[in-house]
Every structure is written in C-alpha cells, then in structure tokens.
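Given next are the chains, with one letter for each unit.
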Protein chains: 2
Amino acid sequence: MKSVYLDNAATTPIDNQVIAAIHESMLANFGNPSSTHAFGRKAKAAVETARKSIASLLHTTAANIVFTSGGTEADNMAIICAVRDLGVKRIISSKIEHHAVLNCVEFLEAEALIDLQFVNLDENGSVDVSHLESLLAESPSVKTLVSLMHINNEIGNILDLKAVGELCKTHNALFHSDTVQSVGHFSMNLEELPVDFIAVSAHKFHGPKGVGFLYAKSRTHLKPFIHGGSQERDLRAGTESVHNIVGLQKAMELAYLNLEKERAYITSLKRYFIHTLMDEIPGVRFNGLSGNLEKSTYTLVNVSIPLSASEMDMFLFQLDLKGIACSKGSACQSGAQIGSFVLNEIYGDNLDYPGIRFSFSKYNSKEELDYVISILKDLAILKSS
Amino acid sequence: MKSVYLDNAATTPIDNQVIAAIHESMLANFGNPSSTHAFGRKAKAAVETARKSIASLLHTTAANIVFTSGGTEADNMAIICAVRDLGVKRIISSKIEHHAVLNCVEFLEAEALIDLQFVNLDENGSVDVSHLESLLAESPSVKTLVSLMHINNEIGNILDLKAVGELCKTHNALFHSDTVQSVGHFSMNLEELPVDFIAVSAHKFHGPKGVGFLYAKSRTHLKPFIHGGSQERDLRAGTESVHNIVGLQKAMELAYLNLEKERAYITSLKRYFIHTLMDEIPGVRFNGLSGNLEKSTYTLVNVSIPLSASEMDMFLFQLDLKGIACSKGSACQSGAQIGSFVLNEIYGDNLDYPGIRFSFSKYNSKEELDYVISILKDLAILKSS
C-alpha cells in the first residue's frame, strides 16, 4: 500500500546519516563519560564535541547547552528550576502552549508555587503583545517568567522572539520559549536573541527520540533538576545517552547545513498543497495563520474541510486506511481522541469544522501531495453526495 | 595496544544484538507512539511489547513498568513522587547509596520536605537491619519511605530485599530499592518481593544508555514526575525513546535468557581473579564483602593494594596507560577525582589504602585477567622496590 507520512510536526523519520552515526557510536564508544579512563574519556569527548557543535550552530557557547531526555524535560527543567531556584513567583504563558509547558505551569499553580496568567490571543491565535506588556507592567516587583512558544505546533504561528524577549528584558522578566518546532528548521542566533531558556527536541528534525537540550543563558543559580551524579555540570544527573547525543549532533548539523535548500523545497510543497486544496476542495479553510506563507512556519498547515467532528473522525480513519498519516492536533494529545484544544481555545463556538494538521519534511514529494489531495477530494465528494 | 575493560559496573559494552535491534527500530519504526495513525500505532506497539516482555521477565504486570531516561531518573521519580504524592514525611536510607538516591534525599531534606535518617552499617558496609527496625519502630505514625540499594555499586554487598521489604511492610513503610546493579544480573520475582519501587538502567546489562524504568507497585496516587503529554499513563511526559526502549527490551531478554550460564562464567572469573591476586600480590585486601563469593555480587570486586592515595592515582594512571579500565569508585563521582565516599564511610580512619573496583562482564576472559594481574604485580613490585 502507498504510504504518505505528513505528520512531521509529531515526529520525523530519522535521517540515514543520523542512524549511521548512532550505530557507529554504540559500536565504538560505549564508555561512561564520567569514567576517567580511556573508554570514559572517549565517550566524554563525544558528548563535549556534540555540545560544542550544537552551541556553535545556534551561536552560543557550549556551557549554555544542557542535554536532556527531550523537549518536554527541557521545558520542565527551565520552568521548574526558574520557580525553585530563581525566585519566580509569577508565570505568564498562553493557553495554546504545548502541554509540556501548559501542564507544567498549571501544576505549579495548583501547588500554589506561582501566580499563573495567560496572555490574550488574537483571532488567529497569535499572542497579543500589548496585553503581554500590560500584564508585565501591572506587577513590576513580582519576579516573572514568560513562557511562550516560538512556533505553535498545531497552527504554525510564529512568535516574534526578539520583540517578546526585549519586552521581557525591559520588565525584568525571564523569558523561556519552547522552540521544539523551530530549532532545526529556522536559524537562531542566541548571542543576539534576548531569551533566557529554549527547549529543543532532536526527533523533530530527523534526529533520535529521547534526547534534546535546554539552552540556559545563565545557569549560575540553577540547582539540579534530576539529582545524582555530577553530569551536565551538576544540572542533570544520569549517565548521558551518548549515542543519542551523537545522533542529535548529526541531525542538527545536517539540518543547518541544508537549511535554506530544504526550507525552499518544503515551502514549495506547502505552497502547492495550499493552492491545490483551494482549487480542489470547496469551502477549505486554513486555521491560525497556517495558510499564510510569511507568518507561519513552512513545515505545517492546519486545514478545515466542511465536516462535522464525527465525519472528521471517519475521514481521518479513511485517510489512515489509505496510508496517509496526519493528525487532528498535537500527537501528545491525539491518543486521547479529543479535538484540538488549540483550535477550541482560539475559535471557541466559532469552530464549525475541526482541523487536520498536515506537516511536511524534506522526504515528502509533490507526488505524495497529489495523492493525498486526490483522496481528500474523493472523501469530500463522497461526503457531500 | 591491548585493551581490557573491567569497569562494567560503570557501564557495559552494548551487545551486538541490542545494537541491531536499535538500528532496525530506528529504520523501520520512527512513528510517534502517541499518534493514532498506522505509523504511531506501530511505534506504540513496539513500546508496549517491550513493556510486557520486561514485566514478564520480572514476574510483574506491564502496568507497573514506567519507562524513564535511566536509573537516576527512576530513583528520583520514586523518591520525589513518594514525598509529593504519597505523604511520605520521613526517609530512611544509607550513607553509601548511589548519589542518584543520596543527593535526592539530601535535597528533599534541605528543602525541609522530609526528615532524613541513615541506617547504621556494619564493619563490612552491610545494612544493620536491627537498627533499621528500631528506626522504623520509633516513629510509627510518620509515613516513611525506606530507600536502600539491592547491590552496592562499589563494594558489591547484597541487601536481603525480602527481609527488608517485609520489615517495611510490618511497619507500614514504603520500600524503594535502587536495583541498577542487580536487574539483568539476578533473577527477581516482583510478584513475591515486598518492594514498592525499584529503579533499573539498561546500560548496566549491555543495553543502551539513556533508558531505564521505574517499577511502581501501585501508581494510583502518583502524579507526573515530568509534566506534559499523557505518555506512560500520565506519569512521565515526553515522546518515548522508542529505539532505546526496544534496546532495553532486547538487553533484558538476552540477560535473562543466558543468566545462569553467564553468572557461572563471570563468577568463575571473579573467583580466579581473587585467588590469583591473593597468591600474587602481598597484602591485597578485598573491601566490603566483595571478596566473599556468596555475600557479594559476582560482577565486581573492590581491591586494596598497599598503596597510598597518591600512589594509587599514579597506579590507576599506569593501568590506564596499559589499556586497563577500572575505577576508584562509582563513575558518577570519578570525574571529580576524589576517593571513594563509600569506603570512607565504612572504614573512616581505618581506611589505610584506597580501593580499586574491577567489574566483570560476559565479554571478559581469563586471559584478560592474567594480563591485568601481571601488570598489577609489576606495578606493586615496582612500588615496593
């Protein structure tokens, strides 16, 4: 059966060069990086070489990179350590953050450790920056962390990190951004960007699952998130997943080496998909800013076709039967078989039709999109007939 | 140069069959287990098959297995969640636990979240069970967690899990055990064993680094350790490291398939090493119970040769130059270039000579041990001359 993977915002196929690097690392380099003998030093060198390479790709220094088990842990580490170690008493976030942030800040609020505020969103799901400014201004003496994602994983809206970061700086607030959907897909200069923490996950850009990192601008006052050995300069105990870190490095290097070429290619796929859908499916709509090629990430589009929620479930089922992988929302929530909380939050009662997220990678082709559109068309016609 | 790896308690070479399983999983099975489409279901099936296989090898049910990024995270999860979610107000542990436990309980004490008590150790570093009993009896109304490792990673002493577990049960205390040095090397029947939590790490039995699990007998009241998606039944958010979990499964299956055969083989290596050292090196001594083949794990021996601390450093340096990997203590601490806190704790001022830990695996041979002993002998003679 034909098989078309268009759920790259959930996870991506691992690049063969990454698989080879991981394989080689497991075979040749099994030492414990904390061991002082030759086997250990070799493993340590692999980890530190990866750290330097990754830091350099993001224009920062290696000391700011803390390896974690993935983006979720990195988000948790930034937020929980900021509250525990840096005196943060208030968090400003949004209701359409990834659950790695949302569940974390709501937990801290439930434990009465912080005051939690949500910034308003406009009709497209973008952060209302003037509302953020007024929230920041209203309690200037309360140590605040702002946590807002760079690229929304469901609708692709891009936050202006620089503008928000500068606002935070002006108001003496710390700024954390979940950049899981952007690192590996967008250039980032952390030397210039006014962010305190970003969270990154390797498997969103053809790297392995189970590894990522936290960028922390200043780690001076941070205490361990996971307690134990002195790995990651006492911030994150546990024997390093050396082969996964090597895989993360390789995936980052490939992503940034080929960034412009792949960005142009994937953008052309997205443009083609949008235009063809508009031509072929009556009533099609694009959620958030995902239909806007300038204001959303090139990697995904969130589409509504005139279908009820139950018709949509049947529709996704049919797509799945035809070998087409896409999703109703973030994968972390899709197991629950509920609709998109992001679209519900933005559109509320105005959400007449559920959304389907199609997300692209370098491995997709125009032919695959043609196949998907033909199936979508058949199903939509079948439905309307 | 000849190269002999005798630091298997720090980490083990990954089995080629494990590497093959990981490779295959990365290639063929990249979906996000939380995705509901075919790619996701396939990845989910791999994770759940691993969970069932692992559970069955330890005679428990899959629902009790929570995958983590390793043993350290599993220890932290058990201890921190027990305090936060299960009302634990007192922790009884020992001063020679792995730092994944020790630093975690000391952190909780420093945050004034628990009362921390240490059980006495006898002259060999074994837990004084009658002291544990008196500690448990003295504050029966305070909800208590006992955290004691099964096999000490430096001296190999074995705790009687059944006896301690029953004692805990009698006193209504929860029992957590760091079993990082025992699972994969010893049979364990969790259906019968009165433990509430055990922590396991794959890379200690020829599996990959960066994956392990927590066994939790009852997870009813536990809240997430890392917040986010609903992975691991809401206990541990973050996209599963599918290939690492598959590797963990393969390593567990191989370990238990060949357990008796490998145990006999490695025991014969340890016996040979001990007897030959006693014959060849005057004044050699075995720390803890590690010289006792019945009362310590077959996987390691902790040796003292009449050398001062500075001579020992030079000695280890020489061994390293000769391609021999062993350690002064746990790898997680060896980066710090300090002596063994375990031996200091047990022997105090009576510790005249530092210890060297040699730890064995199925990949070692009698010939390798002969080489190591010849080098040890040369160095010891050189020193005494």
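Residues numbered from 1 in each chain as written. Chains lettered and ligands numbered in written order. Predicted model: local features only at pLDDT ≥ 70, side-chain atom pairs only at ≥ 80, totals over all residues. Heavy atoms only, no water.

**A short note on the relation of the copies chain B and chain A**
Alright, step 1. Overlaying chain B on chain A yields an RMSD of 0.0 Å, the required transformation being a rotation through 180° with an accompanying axial translation of 0.0 Å. Those values place the two copies in the arrangement expected of a two-fold rotation axis.
Alright, step 2. A shared binding surface is used by both copies, with 100% of the interface residues of chain B retained as interface residues in chain A. (Least-squares fit on C-alpha atoms with pLDDT ≥ 70 in both. Contact = heavy atoms within 4.5 Å.)

**Considering the sheet that holds strand 10 (residues 300-304) of chain B**
Backbone hydrogen bonds hold the strands of a sheet together, and the pairing may be parallel or antiparallel.
All names here are of chain B.
Alright, step 1. Strand order across the open sheet formed by three strands is 9-10-12, with antiparallel pairing between neighbours. Because the sheet does not close on itself, it has two edges, and the strands there are strand 9 (285-286) and strand 12 (355-359).
Alright, step 2. The sheet contact formed by strand 10 and strand 12 spans five bridges and is antiparallel. Its bridge partner being in strand 12, Val 303 is matched across the sheet by Ile 356.
Alright, step 3. Packed onto the sheet, helix 9 (residues 259-280) meets strand 9, strand 10 and strand 12 and runs at close to 15° relative to strand 10. (Pairing = 2+ DSSP bridges. Helix = DSSP H or I, 4+ residues; strand = E, 2+ residues; numbered from the N terminus. Axes fitted to C-alpha atoms, helices over the stretch in contact; angles between N-to-C directions.)

**Some details on the interface of chain B and chain A**
Alright, step 1. The interface of chain B with chain A comprises 68 residues on the first partner and 68 residues on the second.
Alright, step 2. Both faces considered, chain B and chain A share a buried interface measuring about 5100 Å² in area, 62% of it formed by carbon and sulfur atoms.
Alright, step 3. In this structure, the connection of chain B to chain A is made through 25 residue pairs in polar contact (both at pLDDT 80 or more).
Alright, step 4. Of all the secondary-structure elements, those providing two or more residues to the side of chain B that touches chain A are strand 1 (4-5), helix 1 (16-28), helix 2 (38-57), helix 3 (71-85), helix 4 (99-110), helix 8 (242-257) and helix 11 (331-334) of chain B.
Alright, step 5. Of the residues contributing to the side of chain B that touches chain A, the split by class is 25 nonpolar, 33 polar and ten charged. (Buried area = accessible area lost by both parts, 1.4 Å probe. Polar contact = N/O pair within 3.5 Å; in protein donor to acceptor, adjacent residues only side chain to side chain. Nonpolar A, V, L, I, M, F, W, Y, C, P; charged D, E, K, R; others polar.)

**Some words on the packing of helix 1 (residues 16-28) of chain A against helix 8 (residues 242-257) of chain A**
All names here are of chain A.
Alright, step 1. With their axes 8 Å apart at the nearest point, helix 1 and helix 8 run at an angle of 150° to one another. By the angle between their directions, the pair helix 1 and helix 8 is classed as roughly antiparallel. Seen from above, helix 1 lies across helix 8 with right-handed handedness. On helix 8, the residues that touch Gln 17, Val 18, Ala 21, Ile 22, Ser 25 and Met 26 of helix 1 are Val 242, His 243, Val 246, Gly 247, Lys 250, Ala 251 and Leu 254.
Alright, step 2. Here the residues of the contact of helix 1 with helix 8 are counted per class, giving eight nonpolar, four polar and one charged. (Parallel < 35°, antiparallel > 145°, perpendicular 65-115°, else oblique. Left-handed = near helix turned anticlockwise from the far one by under 90°.)

**Brief notes about the pattern of salt bridges**
Alright, step 1. Per the counting criterion, the structure on display carries 27 salt bridges over all chains.
Alright, step 2. Where Asp320(B) meets Arg41(A), a salt bridge forms, and the shortest distance between an N and an O atom there is 2.5 Å. A residue pair is termed interchain when its members come from two chains, as with Asp320(B) in helix 10 (residues 309-321) and Arg41(A) in helix 2 (residues 38-57).
Alright, step 3. Salt bridges sharing partners connect three or more residues here, namely Lys44(A), Glu48(A), Arg51(A) and Glu232(A). (Salt bridge = Lys/Arg side-chain N within 4 Å of Asp/Glu carboxyl O.)

**Comments concerning the sheet that holds strand 2 (residues 65-68) of chain A**
Residue and element names in this part refer to chain A.
Alright, step 1. If you trace the seven strands from one edge of the open sheet to the other, you get 2-8-7-6-5-3-4, paired in mixed fashion. At either end of the open sheet lies a strand with only one pairing partner, and these are strand 2 and strand 4 (115-118). Strand-to-strand twist across the sheet, computed as the mean angle between neighbouring axes with direction ignored, equals 20°.
Alright, step 2. Across the sheet, helix 3 (residues 71-85) lies against strand 2, strand 3 (90-93), strand 5 (144-147), strand 6 (174-178), strand 7 (197-201) and strand 8 (212-216), angled at about 160° from strand 7, the strand it touches most.
Alright, step 3. Sheet strands in contact with helix 4 (residues 99-110) are strand 3, strand 4, strand 5 and strand 6, and its direction is about 140° off that of strand 4.

**Describing the side chain of Ser126(A)**
All names here are of chain A.
Alright, step 1. With respect to the helices and strands, the residue Ser 126 is situated in the loop between strand 4 and helix 5 (129-138).
Alright, step 2. Exposure remark for Ser 126: the relative accessible area of 16% places this residue in the buried category.
Alright, step 3. At 3.1 Å, the side chain of Ser 126 forms a polar contact with the side chain of Asn 157.
Alright, step 4. Every residue in contact with Ser 126, bar those within four places of it in the chain, is listed here: Asn 120, Leu 121, Asn 157 and Leu 289. (Buried < 20%, exposed > 50% of the residue type's maximum accessible area, 1.4 Å probe, protein only.)

**Overview of the domain arrangement of chain A**
Residues and elements named next belong to chain A.
Alright, step 1. Examined at the domain level, chain A breaks down into domain 1 (4-12 + 258-384) and domain 2 (16-257).
Alright, step 2. Relative placement of domain 1 and domain 2: their C-alpha centres are 27 Å apart.
Alright, step 3. Summed over both partners, the interface of domain 1 with domain 2 comes to about 2800 Å²; 53% of that surface belongs to carbon and sulfur atoms.
Alright, step 4. On inspection of domain 1 and its partner domain 2, the count reaches 17 residue pairs in polar contact (both at pLDDT 80 or more). (Domains from an automatic or database assignment.)

**Here we look at the packing of aromatic side chains**
Alright, step 1. Applying the stated rule across the entire model yields twelve aromatic pairs over all chains.
Alright, step 2. A centroid spacing of 4.7 Å and a plane angle of 80° characterise the contact between Tyr5(A) and Phe30(B), whose relative ring orientation is edge-to-face. Here Tyr5(A) is found in strand 1 (residues 4-5), whereas its partner Phe30(B) is found in the loop between helix 1 and helix 2 on a different chain. Exposure class is identical for Tyr5(A) and Phe30(B). Each is buried. (Phe/Tyr/Trp six-rings, centres within 6.5 Å; stacked < 30°, edge-to-face > 60°.)

**As for the pairing of strand 10 (residues 300-304) of chain A**
Residue and element names in this part refer to chain A.
Alright, step 1. Burial runs high along strand 10: five of the five residues are buried.
Alright, step 2. Neither face of strand 10 is open: one carries Leu 300, Asn 302 and Ser 304, the other Val 301 and Val 303, and all of them are buried.
Alright, step 3. Alignment of strand 9 (residues 285-286) against strand 10, held across two bridges, turns out to be antiparallel. Pairing of Arg 285 across the sheet is with Ser 304, part of strand 10.

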